[in-house]
Amino acid sequence: MLLQLQLLLLLFLSCWHGVTSSPTDDSVARSDHGDQGEPGFEGQNQDSYSTFASDFIGSGHLTQEDQIQCYPFPTAPPVDPFARIKVSDCGVTKGCFRYGKPGCDAETCDYFLSYRRIGADVEFELSADTDGWVAVGFSSDKKMGGDDVMGCVHDDNGRVRIHHFYNVGQWAKEIKRNPARDEEGIFENNRVTCRFKRPVYVSREETIVDLHLSWYYLFAWGPAIQGSITRHDIDAPPVSDHMISIYKYEDVFMPSAAYQMFSSPFCLLLIVALTFYLLMGTP
């Protein structure tokens, strides 16, 4: 055992000698003569030492486990990219709400939200056509005020962070206690997109609701200044027309204001009458 330790120490010194200088190197640098007055004396010792170490390793006296190997310093693992939101799961394995142009998805809608249960948590995905923030509120009515709000905010450093707010009238107050976890977000193509989880059940508190109960969902998005949210983009943000249960996966589309007029029954009747009038011609 003592012999093996001595051999390992010898190999370590050999490896260390390849990357650092020894005291004798300084003396060689100062003079071309060794201690005995003979040129190259130190260099000859070093060559003999290296040759002996190489011959000893190659002789097979040490096993592969005994040999000391030098490895490069490990690099940090790559960061996983943000996984794209899959709208094909809407209404099947998660619930979705889309607001915007008919047929839009998570990357083209004015606003997009999805939810699904994962164990004791609910996972939310939010996306909006904005460079500031996107949020969802949980309300007992269809009005702002007294609402639990989760928002994804794009800051000046390019990061997207999840914040917790509480609506006081028309003003959103940030709450220090944040139920979000496993959060991730990205700002790309002038869109703020994020994903996070929060518990289904929470201890009773005014600013955090229990998601096992049904709530109206408030959808909002808008600009941000130095990582702080400002007023939402539109005067009347969309609201779910009924209370939402996390135990029922729906796929709901709501046309934006630009398309709502074309979807109303009166407007459709007017279009049909005008088309008939043009086809028949004037008397």
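A brief structural summary. (Residues numbered from 1 in each chain as written. Predicted model: local features only at pLDDT ≥ 70, side-chain atom pairs only at ≥ 80, totals over all residues. Heavy atoms only, no water.)

Quick notes on the pattern of salt bridges
- Taken as a whole and judged by the stated rule, the model has 12 salt bridges.
- Across the pair Arg177 and Glu205 runs a salt bridge whose closest N-O atoms are separated by 2.3 Å. One end of the pair, Arg177, is in the loop between β7 (171-174) and β8 (181-188); the other, Glu205, is in the loop between β9 (191-199) and β10 (216-222), with 28 residues separating them in the sequence.
- Its relative accessible area of 32% is what places Glu205 among the partly exposed residues.
- A salt bridge links Glu184 to Arg195; its shortest N-O distance comes to 3.0 Å. Taken together, the residues Glu184 in strand β8 and Arg195 in strand β9 connect sequence positions 11 residues apart.
- Judged by relative accessible area, which is 31%, Glu184 ranks as partly exposed.
- Among the residues examined, Arg195 registers a relative accessible area of 7% and is labelled buried. (Salt bridge = Lys/Arg side-chain N within 4 Å of Asp/Glu carboxyl O. Helix = DSSP H or I, 4+ residues; strand = E, 2+ residues; numbered from the N terminus. Buried < 20%, exposed > 50% of the residue type's maximum accessible area, 1.4 Å probe, protein only.)

Observations regarding the side chain of Asp148
- Of note, Asp148 is situated in strand β5 (residues 148-154).
- A distance of 2.9 Å separates the side chain of Asp148 from the side chain of Arg198, its partner in a polar contact.
- Leaving out residues up to four positions away in the same chain, Asp148 has contacts with Val136, Gly137, Phe138, His164, Phe165, Tyr166, Arg198, Thr207, Ile208 and Val209. (Polar contact = N/O pair within 3.5 Å; in protein donor to acceptor, adjacent residues only side chain to side chain. Contact = heavy atoms within 4.5 Å.)

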